[in-house]
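# Commentary on secondary and tertiary structure
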Amino acid sequence: MIKHIISKSEGDKRKDFIYVNSIIHGFAIVHAAACFSFLSAGLSDGLILTVLTIIMIVLLINYFNGTTDVFLSLSVLSCLAGFYLGTAGAKLIGEVIGNNVLTHVIATVLVTEILGWLVFLILRKRMSIKK
Amino acid sequence: MKNLSIRQFVEFSFLALLVLGFRLLIEELIPLFEENLNLTFGRFLIKLLSNYPLTLTILVLDIAGIYYFNKYLKRDNSWMNISLILVLCLIISLIAGLWQRLNFWINGAELVLFKDLYFTLTVFASFIFNLIIVSLIQVYNYYTTTQEKALNIEIGKKNKARYQYQQLKTQLNPHFLFNSLNVLDFLIHTDQEKASEFVRKLSSVYRYLLNKGDNTIVSLREEIDFVNLYVDLLKERFSDGLHVNVNVDEKYMALGIIPGGLQLLVENATKHNIVSIDSPLEINIFIDDNQLVVVNNLQPRINTIDSSGLGIKNIKGQYMLLIKKDITINKSKEFFEVRLPLI
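It should be emphasised that the depicted structure is a prediction, and the values quoted were computed from it without experimental measurement.

A word on the nonpolar core. Membership of the largest hydrophobic core comes to 57 residues, with the highest contact counts inside it found for Ile23, Ile57, Leu60, Ile61, Phe71 and Leu74 of chain A together with Ala125 of chain B. When residues in this core are grouped by element, the largest group, 11 residues, is from helix 5 (residues 117-171) of chain B.

Residue and element names in this part refer to chain A. Position of Val20 among the secondary structure elements: in helix 2 (residues 13-40). On the basis of neighbour counts, which here come to 21 C-beta atoms within 10 Å, the residue Val20 falls in the buried class. Considering only alpha carbons, one finds Val20 and Leu59, 39 residues apart in sequence, at a separation of 9.4 Å.

It is worth spelling out the confidence of the model for chain A at this point. Residue and element names in this part refer to chain A. Mean pLDDT over chain A stands at 83; residues scoring 70 or higher make up 90%. Helix 2 holds the highest mean pLDDT among the elements of chain A, 91, whereas helix 1 (residues 2-5) holds the lowest, 63. Per-residue pLDDT stays below 50 along residues 127-131; that stretch engages in 9 contacts with residues further than four places along the chain or on separate chains.

With that settled, consider the interface of chain A and chain B. The partner chain B presents 34 residues to the 31 residues of chain A that form the contact. Every element with two or more residues in the side of chain A that touches chain B is listed here: helix 3 (46-63) and helix 4 (68-96) of chain A. In terms of residues, the side of chain A that touches chain B owes the most to one element, helix 4 of chain A, which gives 13 residues. Grouping the amino acids of the side of chain A that touches chain B by side-chain chemistry returns 16 nonpolar, 9 polar and 6 charged.

In this section: helix 7 (residues 192-211) of chain B. All names here are of chain B. End to end, helix 7 covers 28 Å across 20 residues, agreeing with the expected 28 Å (1.5 Å per residue, within 8%). Every buried residue belonging to helix 7 is among Phe198, Leu202, Val205 and Tyr208, and all of these are buried. End-on view of helix 7: buried residues confined to an arc of 120°, all on one side of the axis. Away from its buried face by more than 90 degrees, helix 7 exposes Gln192, Glu193, Arg200, Ser203, Arg207, Leu210 and Asn211.

Residues and elements named next belong to chain B. Of note, the phi angle at Ser239 is positive, near 50°, even though the residue is not glycine. Tracing the chain through its elements places Ser239 in the loop between helix 8 (220-238) and strand 2 (242-247). In this model, Asp289 sits at a positive phi of 55°, which is unusual for a non-glycine residue. By the secondary structure assignment, Asp289 is in the loop between strand 4 (281-288) and strand 5 (291-297). A tally of 9 C-beta atoms within 10 Å means that Asp289 is categorised as exposed.

All names here are of chain B. Helix 4 (residues 78-108) packs onto helix 3 (residues 52-72) with a crossing angle of 160° between their chain directions and a minimal axis gap of 11 Å. On the basis of the axis angle, helix 3 is roughly antiparallel to helix 4. Handedness of the helix 3/helix 4 crossing: right-handed. Within the contact between the two elements, helix 3 uses Leu54, Ile58, Leu61, Asp62, Gly65 and Phe69 and helix 4 uses Asn81, Leu84, Ile85, Leu88, Ile92, Ala96 and Trp99.

Rules behind the numbers
Residues numbered from 1 in each chain as written. Chains lettered and ligands numbered in written order. Predicted model: local features only at pLDDT ≥ 70, side-chain atom pairs only at ≥ 80, totals over all residues. Core = buried A, V, L, I, M, F, W, Y, C linked by C-beta atoms within 7 Å. Buried ≥ 20, exposed ≤ 12 C-beta atoms within 10 Å, placed from the backbone. Helix = DSSP H or I, 4+ residues; strand = E, 2+ residues; numbered from the N terminus. pLDDT = per-residue confidence, 0-100. Contact = placed C-beta atoms within 7 Å. Nonpolar A, V, L, I, M, F, W, Y, C, P; charged D, E, K, R; others polar. Expected span 1.5 Å × (residues − 1). Arc of directions from axis to C-beta. Axes fitted to C-alpha atoms, helices over the stretch in contact; angles between N-to-C directions. Parallel < 35°, antiparallel > 145°, perpendicular 65-115°, else oblique. Left-handed = near helix turned anticlockwise from the far one by under 90°.

Right under this line is the structure:
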């Protein structure tokens, strides 16, 4: 299982798609669970969500053979974007849904999905040449 | 399967801790903006960036710094790059802080630096702004260079495939042309109409080989039409000694195949086997499991033409390059079978 999670892309687009989907959706669920647990217990979820986001980025970068400097750049950007998008998203969603915990869980899931797919779009290798 | 190396693991873990520390620092420092300046971090940053000459200077220094680092530093020495970029961000942030506060200090006749909270918060805010700009530039650089690399690899593959096609083309047995000219000579004396048709087909065969040189893949329909012409020419020579049955459903005709691949297999079959009315050579071409199957009864010639199997090797090489799939060869006492994956 762990060997599969930390494997690298072999250029098979179908496999890549399955891997990226599992990682991003999987981490969105884990983020939601962590956010729910921490907020329900009255604790701050900021740190644990940052750790989870960084792990997700490490796995995606490792899979697509990203370099160390791009890892740092993406982690910093994701951290800041996650922080701001999460806060702003939670405010926006909070206006529709009254429940504070549910609002944060939804915002976290959305932000994780957005960040995950953005990272994927940057890392994937586009084969644009025509046959 | 290549996995995460220990070196990478250590590097990523260390950097992850660094980012985590940075995240904690943000959490600690952001409330200070509201507590001391009655401004949120966002508003403070907007106010800082509304000093357009300063913002422009920050951007120019960031872009110039990254440009020169990428130009003169080795890409594989990522730690050196990261350290220098962080130092660059810090220096630019200090410049921004001095830009904002120097006049104030000169008037007060005291250089207080970090004792001045406004200076500290300005350095912090511009450091974050610098980090965002530098990270965006790095990500953009990475994206463009990797896409360019991927494109170059693809172009390289295409060129290699074209080269192999050229090799494949030269494999079209020179004996084929020689034999065809002999057949033509015979037809000119016996049946001029047939001779004319023979010439037309022969020219079509060579035209196909020349025209499809730029393509790495052709449709199955094109290749089968070409093989039918080729077989017609062979039949003038072998008459009823050669039976070629093409049984391919219409729905597969739009799928792809490498140009000359099918023709080479038919040519190989006639080259290595006895073809006579007494012992006819039967070649069946059909689709099975999304593969084009070419199977013939095995009746090897005694004085077989010397062959290094270069033609089959070229087909194999092209498939590996184009779709990373191998062709399948099955040989028994009775038959010889080659399976080409459809693209």
